[in-house]
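Each chain is listed here by its residues.
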Amino acid sequence: MLNPLQMSSRVLQRASPSLRRLAASRKPCLSVVSNPIRTAGSLSQRPNSGFVSFPGALKSSFTSSLKFETPDSYTALPTYRVVDQDGQVVDPSFSPDIADEAVIKLYKDMLFISIMDLIMFDAQRQGRISFYMVSAGEEAVSVGTSSVLDKEDVVFCQYREQGIFKERGFTTEQFMSQLFANKNDSGRGRNMPIHYGCKPLNIVSALGSRVATNRLTLVVKHTVSSPLATQLPQASGAAYALKLQRLQDPNAKPRVAVAFFGEGAASEGDFHAALNIAATRSCPVVFICRNNGYAISTPTLDQYRGDGIASRGIGYGIDTIRIDGNDIWAVREATKKAREMALQGGGKPVLIEAMTYRVSHHSTSDDSFAYRARVEVEDWKRRDNPLTRLRKWMEAKGCWDETMEKETRASLRREILKAFAEAEREKKPPISSMFEDVYEELTDDLKEQMGQLRAMLEAYPEEYDIGSYDGGIDSLEGEMGRR
Ligand SMILES: Cc1ncc(C[n+]2csc(CCOP(=O)(O)OP(=O)(O)O)c2C)c(N)n1
Ligand SMILES: [K+]
């Protein structure tokens, strides 16, 4: 199957002239057609009609009152929830759309992530991995959204969405191989820990695959990427490709792109570019903001002054909802609906702002008590937690109890520690792999560098743990390595 970015260019190359014209046309113009002034072929103002017909403000009416709008004129958007902090259902129309076993699976996925996070955070402290980021307190957003998406929807993550990988079937071994950068890591050990990617699970990775031009082979790896918000225009572009694919082939499976980001990332220019292009081109993309209160040390009060991120969606003409991100049922209901809306008609973007709290430090490189009080964190932990909420709901329903909780925790811990030990023992990728995936054939420069590397490793073997790399020094063997 072609990935969305490949599709967009291929579809456009092969498209008929009419499809190309359609793809290039701006969807909002379709609605403008129904504007009587516009259809009359004039953009000028109709005298005394009371309605503005400037091309940039088609829905506005004239007023003679000189009044600036202030954000305080509007009440904040409400926060949708289904279940409260105590696991009590507050939406009387709600009934679960899945059986108890499926709910338990969701809970186990959330539990898995939270236990893996604790273990790996400690592993970093012990010097066994270089870096880690936990998603404590935000497990419902990732697991909940993932559980109602189609497995072929293309997901673009930020870096705190390990729950999506888990829910889609990323294995414990895959998590550990990436974290330990061993030879089984699909990213070939080139990324910092937690920069996962998985093409078979449609969580964006290797989007460009191999593009050979003369001697240059570009392997575009799209794993989670640290530069904030870069995933957002990519998601809009992928959604546009999915839209074009369906225009060309009405039998193509309806799919959306889904992009995750934090409220801090929403201060990046890429966020605005992504929302605007998605709105103007009517791209079927669901933007999901995890608003967890902090962008490293920057609290939301210093990050923005408007009504969160949701108000910006409205500003871009995007259907938007704010939800309680600690309530997995609200997350599921909103995401299901958002996906449906994104696929209606020719497609359109939808924005979800999921309110939550970053319980832990930003990463292992951070000490959050330098900028927030311990008591604030303790208070949050006591007051609200997505795992506790779902657990209370399940206990009230009679499908979960203390014994199951203990047994599940113990067995998940065993599973993670076993994979941990195996991944830690596993060899690192061959040293030669650092020269690969850019050129189809090694250039003279690279051959020379490979030879220099080999000479250095032979001269100072005790300085490098050569035995820990797959194939040892011999992976630099042969003509190339000896030059
Ligand atoms: C373009 C860019 N600027 C700054 C950073 C440094 N940085 C890494 S994470 C982060 C905070 C992002 O916060 P948010 O998007 O709210 O996500 P969260 O970490 O809270 O999940 C910053 C500023 C970066 N990685 N990329
Ligand atoms: K944040």
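First things first, this report covers the structure right here in the doc. Here the structure is a predicted model, which is why all the values come from computation and not from measurement. (Residues numbered from 1 in each chain as written. Chains lettered and ligands numbered in written order. Predicted model: local features only at pLDDT ≥ 70, side-chain atom pairs only at ≥ 80, totals over all residues. Heavy atoms only, no water.)

## Examining the sheet that holds strand β8 (residues 319–324)
Moving on, step 1. What the five strands build is an open sheet, ordered β1-β4-β5-β9-β8; its pairing is parallel. Because the sheet does not close on itself, it has two edges, and the strands there are β1 (154–156) and β8. Averaged over all pairs of adjacent strands, the angle between strand axes in this sheet comes to 15°, irrespective of strand direction.
Moving on, step 2. The pairing of strand β5 (residues 285–291) with strand β9 (residues 350–355) spans six bridges and is classified as parallel. Residue pairing for β9: asparagine 291 is matched across the bridge by methionine 355.
Moving on, step 3. Along the sheet face, helix α9 (residues 231–248) touches β1, β4 (257–262) and β5 and points at about 170° away from the line of β4.
Moving on, step 4. Here helix α13 (residues 328–343) sits on the sheet in contact with β5, β8 and β9, set at roughly 170° to β8. (Pairing = 2+ DSSP bridges. Helix = DSSP H or I, 4+ residues; strand = E, 2+ residues; numbered from the N terminus. Axes fitted to C-alpha atoms, helices over the stretch in contact; angles between N-to-C directions. Contact = heavy atoms within 4.5 Å.)

## Considering the pattern of salt bridges
Moving on, step 1. Summed over the entire model, instances satisfying the criterion amount to 33 salt bridges.
Moving on, step 2. Of the charged contacts in the structure, one is a salt bridge between glutamate 436 and arginine 188, with a shortest N-O distance of 3.1 Å. Linking glutamate 436 in the loop between α16 (402–425) and α17 (444–459) with arginine 188 in the loop between α8 (172–179) and β2 (209–213), this pair joins segments that are 248 residues apart in sequence.
Moving on, step 3. A relative accessible area of 26% places arginine 188 in the partly exposed class. (Salt bridge = Lys/Arg side-chain N within 4 Å of Asp/Glu carboxyl O. Buried < 20%, exposed > 50% of the residue type's maximum accessible area, 1.4 Å probe, protein only.)

## Concerning the pairing of β8
Moving on, step 1. Note that β8 and β9 share six bridges and pair parallel. Residue aspartate 324 lies in a different strand from β9, and its bridge partner there is methionine 355.
Moving on, step 2. Once the chain exits β8 it traverses α13 before rejoining the sheet at β9, and the crossover so formed is right-handed. (Right-handed = clockwise from strand over helix to strand, strands pointing away.)

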